[in-house]
Amino acid sequence: MNRIHLIRNGAVAELRLDNPDKMNALSSEMLGQLASHLDAIERDADLRAVMLTAEGDRAFCTGADINSWGDLGAAEFARHWVRDGHRIFDRLARMSKPTVAVLNGHAFGGGLELATACDIRVMAPTGALALPEAGIGIVPGWSGTQRLLRLLPEPVVREMALFGHRIKADRALAYGFVAAVDPDPRNVAERLLDRALTLSPRAVEVTKWMLNAAEGEDRGAMIEALGSAAISASDDRAEGVTAFREKRKPHFPGR
């Protein structure tokens, strides 16, 4: 059953978690669906921004469905469940299009890590953030101890991960983790996306590459992407390709 839907709203791709009976907990099937949708969005030039939403009003996502990983052996748990989830969340974080997470309720564990992989977040006042993994004998596995530390003060992450505290919406706003707290976070997100769509798509894409490189988000690939984009517009590149196809020595103009 499809539990993550890709909905095209003009130039905006909405990714909607649809597992409200389990507070939108992520199963292995959902991770696979998310990966497939992210690939489709990245390749669709008509889609210029992404909004991540969830069904229901209690939770955005309360993490990973224990039924998907509870019986896995140690090697399989580390090699597949954790690394596959990390790879998919990295894909979201490195999207070339701006992304907004709409936290309509609680974001716990993997759900918080999923929201952290987006560019910005907006949150309902009833929601809370938490890293509850230690309470069930595991550790954050999808960047809760890595990417999250770039967005929240270290003592706050320690408070959540080591002491089990929940962070309410007002504190999340004060720390800058969320861009806004509003009873209708989707409406706020839509206004933000409407503004993003008035900007140059190419300028936004390249700016996101620069920001990602600056914060260490796949820095090597981002630097090479920027360099490749620059050289691809040069006369030298055009001459090189033409010469190769004509089976002759290239005469580079240096432009």
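Counting restarts for each chain, with residues numbered from 1 along the sequence as it is written. Restriction of local features to residues with pLDDT of at least 70 applies here, the model being predicted, together with a cutoff of 80 or more for giving and counting side-chain atom pairs; totals for whole chains, interfaces and linings are based on all residues. Remark: hydrogens and water are excluded; side-chain values derive from all non-hydrogen atoms of the structure.

> Could you clarify how one ought to interpret the environment of Thr145 in this entry?
To qualify as a helix, a DSSP run of H or I must reach at least 4 residues; to qualify as a strand, a run of E must reach at least 2; elements of each kind are numbered from the N terminus. Along the chain, Thr145 turns up in the loop between β8 (128–130) and α5 (154–163). Along the chain, Thr145 and Trp209 lie 64 residues apart, while their C-alpha atoms are 23 Å from each other. Pairing of N or O atoms within 3.5 Å defines a polar contact, subject to two protein rules: one partner must be a possible hydrogen donor and the other a possible acceptor, and residues neighboring in sequence count only if both atoms are side-chain atoms. Looking at Thr145, its side chain comes within polar contact range of the side chain of Gln146, at 3.0 Å.

> Could you clarify how one ought to interpret the sheet that holds β8 in this entry?
Backbone-to-backbone hydrogen bonds join strands into a sheet, with any given pair of strands oriented parallel or antiparallel. Spatial ordering of the open sheet is given by β4-β6-β8-β9, a layout of four strands whose pairing is mixed. One side of each edge strand has no neighbouring strand; the edge strands of this open sheet are β4 (59–61) and β9 (167–168). Strand pairing follows a simple DSSP-based rule, namely that at least 2 bridges must link the two strands. Pairing of strand β6 (residues 106–108) with β8 involves two bridges; the strand directions are parallel. Considered in β8, the bridge of Ala107 is made with Leu129.

> Please clarify how the packing of helix α8 (residues 201–214) against helix α9 (residues 219–232) should be interpreted in this entry.
Between two packed helices, the angle of one axis relative to the other and the distance separating the axes together describe the packing. Look at α8 against α9: their axes get within 8 Å of each other, and the N-to-C directions meet at 145°. The chirality of how α8 crosses α9 is left-handed. Counting all contacts with α8, which are made through Arg202, Val206, Trp209, Met210, Asn212, Ala213 and Ala214, the residues of α9 involved are Arg219, Met222, Ile223, Ala225, Leu226 and Ala229. Residue polarity follows a fixed list, in which Ala, Val, Leu, Ile, Met, Phe, Trp, Tyr, Cys and Pro are nonpolar, Asp, Glu, Lys and Arg are charged, and the others, Gly among them, are polar. Considered class by class, the residues forming the contact of α8 with α9 number ten nonpolar, one polar and two charged. Axis definition: a line fit to C-alpha positions, over the contact stretch in the case of helices; interaxial angles, taken between N-to-C directions, run 0 to 180 degrees. Left-handed describes a crossing whose near helix is turned anticlockwise from the far helix by less than a right angle; the clockwise case is right-handed. Whether two residues touch is decided by their heavy atoms; if any such pair falls within 4.5 Å, the residues are in contact.

> How should I be thinking about the sheet that holds strand β3 (residues 49–54) in this particular structure?
In space, the six strands of this open sheet follow the order β1-β2-β3-β5-β7-β10, with mixed pairing throughout. Where the open sheet ends on each side, the last strands, each with one partner, are β1 (4–9) and β10 (180–181). Bridge count between strand β2 (residues 12–17) and β3: six bridges; the pairing is parallel. When the sheet's bridge partners are listed, Ala13 is paired in β3 with Val50.

> Any chance you could explain the environment of Ser36 here in plain terms?
For Ser36, the position within the fold is in helix α1 (residues 28–43). Each residue's exposure class comes from its accessible area (1.4 Å probe, protein chains only) as a fraction of the maximum for that residue type: buried when under 20%, exposed when over 50%, partly exposed otherwise. Since its relative accessible area comes to 46%, Ser36 is described here as partly exposed. Residues Ser36 and Leu162 lie 126 residues apart in sequence; the distance between their C-alpha atoms is 34 Å.

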